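A structural walkthrough
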Amino acid sequence: MIKSITIVSTASFGPIPEQLNELSQFNYLFGSNGSGKTTISRVIADEASYPTCNVTWKDGIQLQPLVYNHDFVERNFNQSD
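1. Side note on the overall build of the protein
When its secondary structure is counted, the protein shows two helices and three strands. Listed by position from the N terminus, the elements making up the protein come as β-β-α-β-α. The principal-axis extents of the C-alpha atoms in the protein amount to approximately 45 × 30 × 25 Å. Considering the protein as a whole, with its 81 residues, one finds that 26% of them fall into the buried category. Within the protein, contacts between residues at least 6 apart in sequence are counted, and of these 44% link residues at least 24 apart. For the protein, the exposed surface amounts to about 6300 Å²; the carbon and sulfur share of it is 52%. The distance from the centre of the 5 positive side-chain charges to the centre of the 8 negative ones in the protein is 5 Å.

Rendered as structure tokens:
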């Protein structure tokens, strides 16, 4: 389970760290376009690609995240030309 997420200097997030803390087993993120929802999902899906960001796992046990966002749909459901 994810305990917290820290995002810095990525997409719509600036140089001051933004944190999501005290997360539960199920979390719902909502906001207007451009507010960072997709960025958060991308950091969860592939933290290694975002060196300024951090996902903290409960008890230090990293699980395989399953993120169902626009990137997932593009990879798995769009037909090739």
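From this point on, the discussion continues.
2. As for the sheet that holds strand S3 (residues 54–57)
Across a sheet, paired strands are connected by hydrogen bonds in the backbone, their directions being either parallel or antiparallel. One open sheet holds the three strands; their spatial order is S2-S1-S3, and the pairing between them is antiparallel. Pairing within the sheet leaves two strands with one partner each, and these edge strands are strand S2 (18–20) and S3. Within the sheet, the average angular offset between the axes of one strand and its neighbour, ignoring direction, is 15°. In terms of strand pairing, strand S1 (residues 2–7) meets S3 through four bridges, oriented antiparallel. Residue pairing in the sheet places Thr6 in a bridge with Asn54 of S3. In this fold helix H1 (residues 37–45) packs onto S1, S2 and S3, with an angle of close to 120° to the strand it touches most, S1.

3. Focus: the nonpolar core
Core analysis: the biggest nonpolar cluster contains 12 residues, these being Ile2, Ile5, Ile7, Phe13, Leu23, Ile40, Val43, Ile44, Cys53, Val55, Trp57 and Val67. Of all elements in the fold, only S1, H1 and S3 reach the threshold of two or more residues within this core.

About the criteria used
- Residues numbered from 1 in each chain as written.
- Predicted model: local features only at pLDDT ≥ 70, side-chain atom pairs only at ≥ 80, totals over all residues.
- Heavy atoms only, no water.
- Helix = DSSP H or I, 4+ residues; strand = E, 2+ residues; numbered from the N terminus.
- Buried < 20%, exposed > 50% of the residue type's maximum accessible area, 1.4 Å probe, protein only.
- Contact = heavy atoms within 4.5 Å.
- Areas by Shrake-Rupley, 256 points an atom, 1.4 Å probe, with all protein chains shown as cover.
- Lys, Arg positive; Asp, Glu negative; His and termini not counted.
- Charge placed at Lys NZ, Arg CZ, Asp CG, Glu CD.
- Pairing = 2+ DSSP bridges.
- Axes fitted to C-alpha atoms, helices over the stretch in contact; angles between N-to-C directions.
- Core = buried A, V, L, I, M, F, W, Y, C linked by side-chain atoms within 4.5 Å.

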